[in-house]
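Chain by chain, the residues:
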Amino acid sequence: MDFFYELFQYRFLTHATLACLLCGLACGMVGTYVVCRRLVFLSGGITHSSFGGIGIAYYFGLNPIAGAFCFAVLSAFGIEAFTAGKRIREDSAIGLIWSLGMAVGIIFVYLTPGYAPNLMSFLFGNILSVTSSDLIWMGIVDLAIVIVFAVWYRPILYVAFDREYARSQNMPTRLIGYLMSALIAVTIVISIRVVGIVLLISLLTMPAVIANQLTRSFGRIMAGASAIGVLGSFAGLYVSYKGDIPSGASTIFILTVTLIVVKLLPLRDFMRKRDENGT
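Parameters at a glance
- Residues numbered from 1 in each chain as written.
- Predicted model: local features only at pLDDT ≥ 70, side-chain atom pairs only at ≥ 80, totals over all residues.
- Heavy atoms only, no water.
- Helix = DSSP H or I, 4+ residues; strand = E, 2+ residues; numbered from the N terminus.
- Rg over C-alpha atoms; globule rule 2.2 N^0.38 Å.
- Contact = heavy atoms within 4.5 Å.
- Buried < 20%, exposed > 50% of the residue type's maximum accessible area, 1.4 Å probe, protein only.
- Axes fitted to C-alpha atoms, helices over the stretch in contact; angles between N-to-C directions.
- Left-handed = near helix turned anticlockwise from the far one by under 90°.
- Nonpolar A, V, L, I, M, F, W, Y, C, P; charged D, E, K, R; others polar.
- 1 Å grid on protein atoms, 1.4 Å probe; cavity = no way out; pocket = protein on both sides within 12 Å on 5 of 7 lines; lining within 4 Å.
- Points joined across faces, edges and corners; volume = space filled by probe spheres on them.
- Salt bridge = Lys/Arg side-chain N within 4 Å of Asp/Glu carboxyl O.

This part covers the overall build of the protein. The helix and strand tally for the protein stands at 14 helices and zero strands. Order of helices (α) and strands (β) in the protein, N terminus to C terminus: α-α-α-α-α-α-α-α-α-α-α-α-α-α. The C-alpha radius of gyration computed for the protein amounts to 19 Å, which stays within 12% of the reference 19 Å derived for 279 residues, consistent with globular compactness. Referenced to the eigenvectors of the C-alpha coordinate spread, the extents of the protein come out at roughly 60 × 55 × 30 Å.

Shown next, in the form of structure tokens:
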């Protein structure tokens, strides 16, 4: 009970709890699109390329998160532009952006005058370092994601499962592609402090994968993934508090165990049969 009491006594724990809520919701909603559209490798490329923005920001004495945001969005748009124009294969473009971002980040970190900054919190996360301004930006991103899905739910659904069919129905597939790439990028950036660059791809995709084991409905996957993302992040924070271990690693471990348990339980088959029967 000490943990739940101290949540309201210490500001850093309150901030961490709110970060679990906001990042879990964002990763659950956007991660559903990523999983259904099979863009897991894309999200990994954007995640790691953002390190280039962090390195450049450190070199020029700017906010590292702002640098990561700029680099992530530009990387997402670059991948979308290259692959949409068939100039280069998608996996090749992602691999290039992935490695280039990491290389640029490492170079600028080593070029930074004085001692090299400690980047462990960006690579592996440090949820206790979340500030009030971080929470405000997380809230803005969450609101933007909800609005986008509410306004363009059906086009996003069609593009996620069958982009060619969506194009044949005169839906703005190109616009949806760029819009969702931008949302993936900003979701990645706001979640860096929670689990870090190295583990972020799992937080973005694993809740949706777990929810997909229980239902095939896009809307239900999105709702379930958001709930799982929030609960998994909060459970990771609790384990971190009790065991004095990194919260990001705890969150991913808990989500992995949850996925294994869900795959083994007969509940999975029951839920899917219920979906097929329309109940």
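A word on the side chain of Thr112. Residue placement: Thr112 occurs in the loop between α5 (90-111) and α6 (120-124). Look past the residues within four positions of Thr112 in its chain and what remains in contact with it is Tyr58 and Tyr59.

Within the secondary structure, Ala208 sits in helix α11 (residues 192-212). Owing to a relative accessible area of 2%, Ala208 belongs among the buried residues under this scheme. Spatially, the C-alpha atom of Ala208 lies 5.1 Å from that of Thr32, the residues being 176 residues apart in sequence. Setting aside residues up to four positions removed in sequence, Ala208 forms contacts with Gly31, Thr32, Val35, Ile221 and Ala225.

The backbone of Asn170 sits at a positive phi, close to 60 degrees, despite the residue not being glycine. By the secondary structure assignment, Asn170 is in the loop between α9 (163-168) and α10 (173-190). Using a relative accessible area of 72% as the deciding quantity, one classes Asn170 as exposed. In this structure, Asp244 takes a positive phi of about 55 degrees despite not being glycine.

Here we come to the environment of Ile56. With respect to the helices, strands and loops of the structure, Ile56 is situated in helix α3 (residues 40-60). Assessed through its relative accessible area of 25%, Ile56 is described here as partly exposed. Linking Ile56 and Trp137, residues 81 residues apart in sequence, is a C-alpha distance of 21 Å. Discounting chain neighbours no more than four positions away, the residues touching Ile56 are Phe71, Val104 and Phe108.

With that settled, consider the packing of helix α2 (residues 11-36) against α10. Interhelical geometry of α2 versus α10 gives an angle of 145 degrees and a closest axis separation of 10 Å. As for how α2 packs across α10, the hand of that crossing is left-handed. Note on element contacts: α10 touches α2 through Met180, Leu183, Ile184, Thr187 and Ile190, opposite Cys23, Ala26, Cys27, Val30, Tyr33 and Val34. Considered class by class, the residues forming the contact of α2 with α10 number 10 nonpolar, one polar and no charged.

This brings us to the layout of surface pockets. Its volume calculated, the largest pocket comes out at about 430 Å³. What lines the largest pocket is a set of 17 residues, and nearest its centre among them are Ile65, Phe69, Trp137, Val189 and Ile190. Counting residues per element, the lining of the largest pocket draws most heavily on helix α7 (residues 132-151), at seven residues.

In the structure shown here, the tally under the stated rule is two salt bridges. Residue Asp134 is joined to Arg193 by a salt bridge in which the shortest nitrogen-to-oxygen separation is 3.1 Å. Residue Asp134 is located in helix α7, and its partner Arg193 is located in helix α11; the two are separated by 59 residues in the primary sequence. Among the residues examined, Asp134 registers a relative accessible area of 14% and is labelled buried. A relative accessible area of 18% means that Arg193 is categorised as buried. A salt bridge links Glu164 to Arg167, with the nearest nitrogen and oxygen atoms 2.8 Å apart. Placement of the pair is Glu164 and Arg167 together in helix α9, with a separation of three residues, close to one helical turn. Residue classification places Arg167 among the partly exposed positions, given a relative accessible area of 39%.

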